[in-house]
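The residues making up each chain are set out below.
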Amino acid sequence: MNQEKVGNAFYVAPEVLRHQEYGKEVDIWSAGVILYMLLTGVPPFYGEDEKEIFRAIMKADPDMENYPWRLIS
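- The name given to the protein chain in an unreviewed UniProt entry is Protein kinase domain-containing protein, with the source organism recorded as Lactuca virosa.
- The Sequence similarities (unreviewed entry) field of the UniProt record for the protein chain holds the comment "Belongs to the protein kinase superfamily. CAMK Ser/Thr protein kinase family. CaMK subfamily."

Next up, the structure:
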């Protein structure tokens, strides 16, 4: 079985990073990330490299109070 990493680090759900079983909820997570990026123009979790992005995803505490959210209706 081939186990290559595919995709972009920004869209990975915490369940995938924890190597847990998962279902449709990881797709909802990715859709939420896409919606966040469409509304704000930036990803909800950021890091200088993939490892930092994964650490931010595991913390799962995006800033939903400050800029640019105050400008979005």
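**Regarding the side chain of T40**
Stage number 1. Looking at the element boundaries, T40 is found in helix α2 (residues 25–40).
Stage number 2. By relative accessible area, T40 is classed as buried at 16%.
Stage number 3. Polar side-chain contacts of T40 include one of 2.8 Å to the backbone oxygen of Y36.
Stage number 4. When sequence neighbours within four positions are dropped, the list of residues in contact with T40 reads P68, W69 and I72.

**Looking at helix α3 (residues 50–59)**
Stage number 1. Inspection of α3 places I53, F54 and I57 among the buried residues, and these make up the whole buried set. Mapping the buried residues of α3 onto a view down its axis gives an arc of 100°, with all of them on the same face. Residues K51, R55 and K59 are exposed on α3 and point more than 90 degrees away from its buried face.
Stage number 2. The inward-facing, buried residues of α3 contact α1 (14–17) and α2.
Stage number 3. Capping the start of α3 is the job of one residue whose side-chain oxygen sits 3.2 Å from the backbone nitrogen of K51: D49.

Conventions we followed
- Residues numbered from 1 in each chain as written.
- Predicted model: local features only at pLDDT ≥ 70, side-chain atom pairs only at ≥ 80, totals over all residues.
- Heavy atoms only, no water.
- UniProt positions renumbered as here; feature names shortened; annotations may be inferred.
- Helix = DSSP H or I, 4+ residues; strand = E, 2+ residues; numbered from the N terminus.
- Buried < 20%, exposed > 50% of the residue type's maximum accessible area, 1.4 Å probe, protein only.
- Polar contact = N/O pair within 3.5 Å; in protein donor to acceptor, adjacent residues only side chain to side chain.
- Contact = heavy atoms within 4.5 Å.
- Arc of directions from axis to C-beta.

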